[in-house]
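Summary of the model geometry
Each chain, written out:
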Amino acid sequence: MPLTMNITFCCPGSTAEPWLLGLRAALPQAQVEVWHSGAARADYAVVWAPPQQFFDEQPQLRGVFAIGAGVDALLKLRLPAQARVVRLDDAGMSVQMAEYVCQAVIRHFRELDAYAAAIAQGQWSYRKPRKRADFPVGVMGLGVLGTRVAQALAQFEFPVVGWSRSARTIEGVRCFAGAAQFKDFLAAAKVLVNLLPLTPDTQGIMCLDTLSQLQHGGYVVNVARGAHLVDEDLLALIDSGQLAGATVDVFRTEPLPPEHRFWQHPKITMTPHTAARTLRDESIAQIAGKIEAMERGEPIAGIVDPVRGY
Ligand code: NDP
Ligand code: OXD
């Protein structure tokens, strides 16, 4: 590795020091510094939500490593033409996403909120067990996270269907692909889990038309991006009884504005964009390994296709 290799860190809102220490320990020959306007030009960047000015001042970058899986916000910026954009490739996220989605689906299926409410009222009462076969789960997006989620749900013996752009084969999951099979996928699902990337093709994909095609009494779990969901359409379908409710981790505006109806809605469970957190040590190890591989001229996983948008 050349002694001159520079890495610039630009993650406004994150505490930089532990990242710098970790990256320096993993790549002892590299200079790793926090970016500031006028900073020295670097070979690689580690970023989350950088300003456009960052790229305008660093046009020579060879690799831009996002410390997240979704790169929708990054791809809205003007990026150096030759730079490879690389997303986190699991790095400890898929197990978190699987546990989050399984708990949301199981909490709904087992009516655990209704039990909690009864217990809070001092009532010791039982509800009729529901049939797993009546709760087929559809996972939109069968990439790094969606595949792990679909497999975990199948382990709990839910019928699982999945949908992706290109055809996939996953044991225990009935897979559908492409726009032509989207209607069949929706009709086969009662619970809809969203793990798509946000692209022009997927923006607003969960709307009145598509959510109405789920089996009656359906349930929505949105863990990908807020802009996939048309909030008012979800609320209308829940309020009309067509959908039973939703678990929502991601929002069009984060933090969710206090006046938003989701806050008070009894059938919506919310968390503050925490389904799968970036784990610093795992991420540093992955990014350092990929920088070393790039330096050796080897291929790496997780390169984003800017035309495809993910
Ligand atoms: P991947 O890029 O690995 O997978 C994306 C999947 O979506 C692929 O299966 C892809 O199809 C499919 N897809 C993309 N476009 C379309 C389309 N137009 N029609 C049908 N299928 C499509 O992403 P990850 O699994 O790593 O992450 C998914 C998203 O999860 C991220 O983009 C991010 O927004 C979100 N996320 C949320 C977190 C949270 O805490 N809430 C944390 C981390 C990520 P194909 O297989 O054919 O390429
Ligand atoms: C991500 C996220 O994309 O945290 O990694 O949402």
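Higher on the page you've got the structure.
These lines cover the structure that appears in this document, whether it is placed above or below. (Residues numbered from 1 in each chain as written. Chains lettered and ligands numbered in written order. Predicted model: local features only at pLDDT ≥ 70, side-chain atom pairs only at ≥ 80, totals over all residues. Heavy atoms only, no water.)

1. Description of the site of ligand 2
Taken together, the neighbourhood of ligand 2 is formed by Trp48, Gly68, Ala69, Gly70, Met93, Arg225 and His273. Gly70 is positioned with one of its backbone polar atoms (N or O) 2.7 Å from an oxygen atom of ligand 2. At 2.8 Å from an oxygen atom of ligand 2 is found a side-chain nitrogen or oxygen belonging to Arg225. Contact with the protein chains removes 84% of the 200 Å² of surface that ligand 2 exposes when unbound. Along the lines of polarity and charge, the residues of the shell around ligand 2 split into three nonpolar, three polar and one charged. (Near = heavy atom within 4 Å. Polar contact = N/O pair within 3.5 Å; in protein donor to acceptor, adjacent residues only side chain to side chain. Areas by Shrake-Rupley, 256 points an atom, 1.4 Å probe, with all protein chains shown as cover. Nonpolar A, V, L, I, M, F, W, Y, C, P; charged D, E, K, R; others polar.)

2. Looking at helix H1 (residues 16–26)
Buried within H1 we find Ala16, Trp19, Leu20 and Leu23. Considered in projection along H1, the buried side chains sweep an arc of 100 degrees and stay on one side of the axis. Where H1 is buried, its residues meet strand E1 (6–10), strand E2 (31–34), strand E3 (44–47) and helix H9 (280–295). (Buried < 20%, exposed > 50% of the residue type's maximum accessible area, 1.4 Å probe, protein only. Helix = DSSP H or I, 4+ residues; strand = E, 2+ residues; numbered from the N terminus. Arc of directions from axis to C-beta. Contact = heavy atoms within 4.5 Å.)

3. Points about a nonpolar patch on the surface
On the surface, a nonpolar cluster with roughly 490 Å² of combined accessible area is contributed by Ile119, Trp124 and Tyr126. With respect to the secondary-structure elements, Ile119 resides in helix H4 (residues 112–120). A relative accessible area of 53% means that Ile119 is categorised as exposed. (Patch = residues over 30% accessible without salt bridge, like charges linked within 9 Å, V, L, I, M, F, W, Y side chains within 5 Å. Salt bridge = Lys/Arg side-chain N within 4 Å of Asp/Glu carboxyl O.)

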